[in-house]
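Working through the structure, step by step
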Amino acid sequence: ENEHSQKYALLSVNDTRGITDFTKGLSAIGYQIIATEGTASILDVPDYSLQRVPHLIDWKIMTGILYRRNDSDDIEEARQLGINDVSLVIVNLPAKAADNNLEIEQVTALRAAAKNHLHVIPVVDPLDYEFVLDVLKSGKDNYALRVKFAAKAFQHVAAYNEMIQAHMQKSSQK
């Protein structure tokens, strides 16, 4: 387990409600925070527990989300490459579609987290932050809960994709 006992939370949010308190809570229970610049700028956590990243689509971050913690080859490869154990992905997508800002990186990180829900909890709804923190503190994390959050993440991505499709269809008719 060595360095992989350290847990990381990846954050990139558009809806900032509750994110400061949630992040403080995660930091208090030992999570290191990895956040995109925009999200990092509003957080109130000590610098030593915050890593700012310009992009989510980084091979180390994506590997940190996708590697299988129950596969000895994956674990060894992650260790050798210095991959962080990203076990929490907190992402919510924009509420409005804009031609110049179609979100790809957040969608990719969220889908990766939902795909690997056995090892990673995707969180898309600020109303879930307090519950997730309570679950992590109490150790009452379970498979059914992870499936529920994965389904919610896929639903969030699907709704975003539908919004983009409608926006582009409307734009093409101008």
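Below you will find a few notes about this structure. Source: prediction; values computed, not measured.

**So, helix α4 (residues 72-81)**
Residue Asp71 occupies the N-cap position of α4, its side-chain oxygen lying 2.9 Å from the main-chain nitrogen of Asp73. Positive backbone phi, at 70 degrees, marks Gly82, one or two positions downstream of α4.

**Some words on the pattern of salt bridges**
Going through the model one piece at a time under the given rule, you end up with eleven salt bridges. Note that Lys7 is salt-bridged to Asp85, the shortest N-O span being 3.0 Å. Taken together, the residues span a long stretch of sequence, with Lys7 in strand β1 (residues 7-13) and Asp85 in strand β4 (residues 85-92) at a distance of 78 residues. The closest approach of N and O atoms between Asp85 and Arg69, which form a salt bridge, is 2.6 Å. Linking Asp85 in strand β4 with Arg69 in the loop between α3 (59-66) and α4, this pair joins segments that are 16 residues apart in sequence. On the basis of relative accessible area, Asp85 is assigned to the buried category, the value being 3%. Within this structure, Lys7, Arg69 and Asp85 form a network of salt bridges that share partners.

**Quick look at the pairing of strand β2 (residues 32-36)**
A large share of β2 lies buried, amounting to four of its five residues. Bridge analysis of β1 against β2 gives four bridges, and the strand direction is parallel. If you follow Leu11 over to β2, its bridge partner there is Ala35. Traced from β1 through helix α1 (residues 19-28) to β2, the parallel crossover comes out right-handed. Across four bridges, β2 lies against strand β3 (residues 50-53) in parallel orientation. Paired with Ile34 across the strands is Gln51, a residue of β3.

**Comments concerning the packing of aromatic side chains**
One pass over the full model with this rule turns up two aromatic pairs. Between Phe22 and Tyr129, the ring centres sit 4.4 Å apart and the planes meet at 5 degrees, which makes this aromatic pair stacked. Of this pair, Phe22 sits in helix α1 while Tyr129 sits in helix α6 (residues 129-138), and the two are 107 residues apart along the sequence. In terms of burial, Phe22 and Tyr129 fall into one category: buried.

**With respect to the side chain of Arg146**
Mapping Arg146 onto the fold places it in helix α7 (residues 143-172). A polar atom in the side chain of Arg146 sits 3.0 Å from the backbone oxygen of His117. Setting aside chain neighbours within four positions, we find Arg146 in contact with His117, Leu118, His119, Val120, Ile121 and Asp141.

**Notes on the sheet that holds β1**
Across a sheet, strands are paired by hydrogen bonds formed along the backbone, either parallel or antiparallel in direction. Sheet architecture is open: five strands sit in the order β3-β2-β1-β4-β5, paired in parallel fashion. The two strands at the open ends of the sheet, each matched to only one other strand, are β3 and β5 (121-123). The sheet shows a mean angle of 20 degrees between the axes of neighbouring strands, taken without regard to direction. Examined bridge by bridge, β4 and β5 share three bridges and lie parallel to one another. Within the sheet, the bridge partner assigned to Ile90 lies in β5 and is Val123. In this fold α6 packs onto β1, β4 and β5, with an angle of close to 165 degrees to the strand it touches most, β4.

Definitions and cut-offs
Residues numbered from 1 in each chain as written. Predicted model: local features only at pLDDT ≥ 70, side-chain atom pairs only at ≥ 80, totals over all residues. Heavy atoms only, no water. Polar contact = N/O pair within 3.5 Å; in protein donor to acceptor, adjacent residues only side chain to side chain. Helix = DSSP H or I, 4+ residues; strand = E, 2+ residues; numbered from the N terminus. Salt bridge = Lys/Arg side-chain N within 4 Å of Asp/Glu carboxyl O. Buried < 20%, exposed > 50% of the residue type's maximum accessible area, 1.4 Å probe, protein only. Pairing = 2+ DSSP bridges. Right-handed = clockwise from strand over helix to strand, strands pointing away. Phe/Tyr/Trp six-rings, centres within 6.5 Å; stacked < 30°, edge-to-face > 60°. Contact = heavy atoms within 4.5 Å. Axes fitted to C-alpha atoms, helices over the stretch in contact; angles between N-to-C directions.

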